[in-house]
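Descriptive analysis of the structure
This is what each chain is made of:
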Amino acid sequence: MGGTRKLGALFFAAAIWGGSLVVNPAEAQKPPRADLSDVLPAAEIVQGDLRARVSMVAASEDPSMKAPMLEVVFGNQSVLRIEGVPSGWDSPQGTIEIHEIDPANNTPEVVFTSFFGGAHCCTQVHVASADKAGDWHDVDVGFFDGEGGTFADLDGDGEAEFKNFDNNFLYAFDCYACSDAPLLIYAVTGGKVVDVSRKEAFTRFHREWLAGMEGRLAEAQRGSSQAGSRKRRCWARAMKPGRR
């Protein structure tokens, strides 16, 4: 199983710096990760024979805009390139991580996210994964609200799952700011995205998520009640005889 594979120990900073940063042993369990920014316009992370490189390039659909480009290198051979979405901003954007995700192969995967921009949208999530034959493929997980969720091993099987909220509930019953949504959990198995939200192993996560939703609702109701009380007091003072 993929979870038995060894974690890598090296994490390289931007190529423009020409240097490298070795992961602190105390943080060895954290997945290799890099986030592009004004001070980090290109980066590379490494785990064993797998390298993930990300940099800004001219967007294929509109060369006047910049988009992050992921290059996956395995065993010193470039095996896959994935173009992210341009944000329209001047600052470089894009995130790469290395995780154990797909149990159907013997190699780790690369998670690549890029942010489109907008009031409530959107982060595009890709997973670069090899099949049994060793051929690498782009698994398009989809577009998600906000930062796009996280990958973590939720059920302790050695493979990371994608944890996010169900975007279908946003605007479904109320305005965006008034909306809340239940937990959504995906796995990538055999190069396919699978909804595993109903898996029994994730029950406690749904309960914790629901408790958080209920807490936010109760807080909103208290705030609404307090605001209503203040409004009624203001109207009462304004309607007193002699006041205009």
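All figures in this text were calculated on a predicted structure; none of them were measured in a lab.

The next thing to look at is the packing of aromatic side chains. With the rule as written, the count across this model stands at 6 aromatic pairs. Between Phe144 and Phe162, the ring centres sit 4.9 Å apart and the planes meet at 55°, which makes this aromatic pair tilted. Pair noted here: Phe144 is in strand E11 (residues 136-144) and Phe162 is in strand E13 (residues 161-165), with a separation of 18 residues, a long-range link. For the residue pair Phe144 and Phe162, the accessibility class agrees, reading buried in each case.

Let's shift gears to the layout of surface pockets. By volume, the largest pocket amounts to about 370 Å³. In this structure, the largest pocket is lined by 17 residues; those nearest its centre are Arg33, Thr95, Thr113, Glu147 and Gly149. Elements with a contribution of two residues or more to the lining of the largest pocket: strand E3 (33-35), strand E8 (95-99), strand E9 (109-115) and strand E12 (150-152). Per element, the largest residue contribution to the lining of the largest pocket is 4 residues, and it comes from E9.

The next thing to look at is the pairing of strand E15 (residues 192-195). On a regular strand, each side chain points to the face opposite its neighbour's, so the side chains alternate between the two faces of the sheet. With 4 bridges joining them, strand E14 (residues 183-189) and E15 adopt antiparallel strand pairing. From the neighbouring strand, Ala187 faces E15, where its bridge partner is Val194. What sits between E14 and E15 in their antiparallel hairpin is a turn of 2 residues, with Gly190 showing a positive phi close to 60°.

Moving on, we get to the environment of Arg216. Topologically, Arg216 is positioned in helix H1 (residues 203-238). For Arg216, a relative accessible area of 42% corresponds to the partly exposed category. Separated by 36 residues in the primary sequence, Arg216 and Asp180 place their C-alpha atoms 8.9 Å from one another.

This part takes up the nonpolar core. Counting 19 residues, the largest nonpolar core has Leu70, Val72, Ile96, Val110, Ala128 and Trp136 as the members making the most contacts within it. Tallying contributions element by element places strand E5 (residues 50-58) first for this core, with 3 residues. Setting aside its immediate chain neighbours within four residues, Val72 contacts Leu50, Arg51, Gln77, Ser78, Val79, Leu80, Val110, Ala128 and Trp136.

Here the focus is the pattern of salt bridges. If you walk through the whole model with that rule in mind, you get 7 salt bridges. Arg53 is the salt-bridge partner of Glu71, the closest N and O atoms lying 3.9 Å from each other. Remark: Arg53 occurs in strand E5 and Glu71 occurs in strand E6 (residues 66-74); sequence separation between them is 18 residues. A relative accessible area of 33% means that Arg53 is categorised as partly exposed. Among the ionic contacts, a cluster of salt bridges with common partners joins Glu44, Arg51, Arg53 and Glu71.

Even without being glycine, Asn76 reaches a positive phi, approximately 70°. Note on placement: Asn76 falls in the loop between E6 and strand E7 (77-83).

Let us look at the sheet that holds E14. Overall, antiparallel pairing links the 4 strands, which are arranged E12-E13-E14-E15 in an open sheet. In the strand order of this sheet, the two ends are held by E12 and E15, each with one partner. On average, adjacent strands in this sheet sit at an angle of 35° to one another, irrespective of strand direction. Pairing geometry for E13 and E14, over 4 bridges, is antiparallel. Pairing of Phe162 across the sheet is with Tyr186, part of E14.

Reading the values: the criteria
- Residues numbered from 1 in each chain as written.
- Predicted model: local features only at pLDDT ≥ 70, side-chain atom pairs only at ≥ 80, totals over all residues.
- Heavy atoms only, no water.
- Phe/Tyr/Trp six-rings, centres within 6.5 Å; stacked < 30°, edge-to-face > 60°.
- Helix = DSSP H or I, 4+ residues; strand = E, 2+ residues; numbered from the N terminus.
- Buried < 20%, exposed > 50% of the residue type's maximum accessible area, 1.4 Å probe, protein only.
- 1 Å grid on protein atoms, 1.4 Å probe; cavity = no way out; pocket = protein on both sides within 12 Å on 5 of 7 lines; lining within 4 Å.
- Points joined across faces, edges and corners; volume = space filled by probe spheres on them.
- Pairing = 2+ DSSP bridges.
- Core = buried A, V, L, I, M, F, W, Y, C linked by side-chain atoms within 4.5 Å.
- Contact = heavy atoms within 4.5 Å.
- Salt bridge = Lys/Arg side-chain N within 4 Å of Asp/Glu carboxyl O.
- Axes fitted to C-alpha atoms, helices over the stretch in contact; angles between N-to-C directions.

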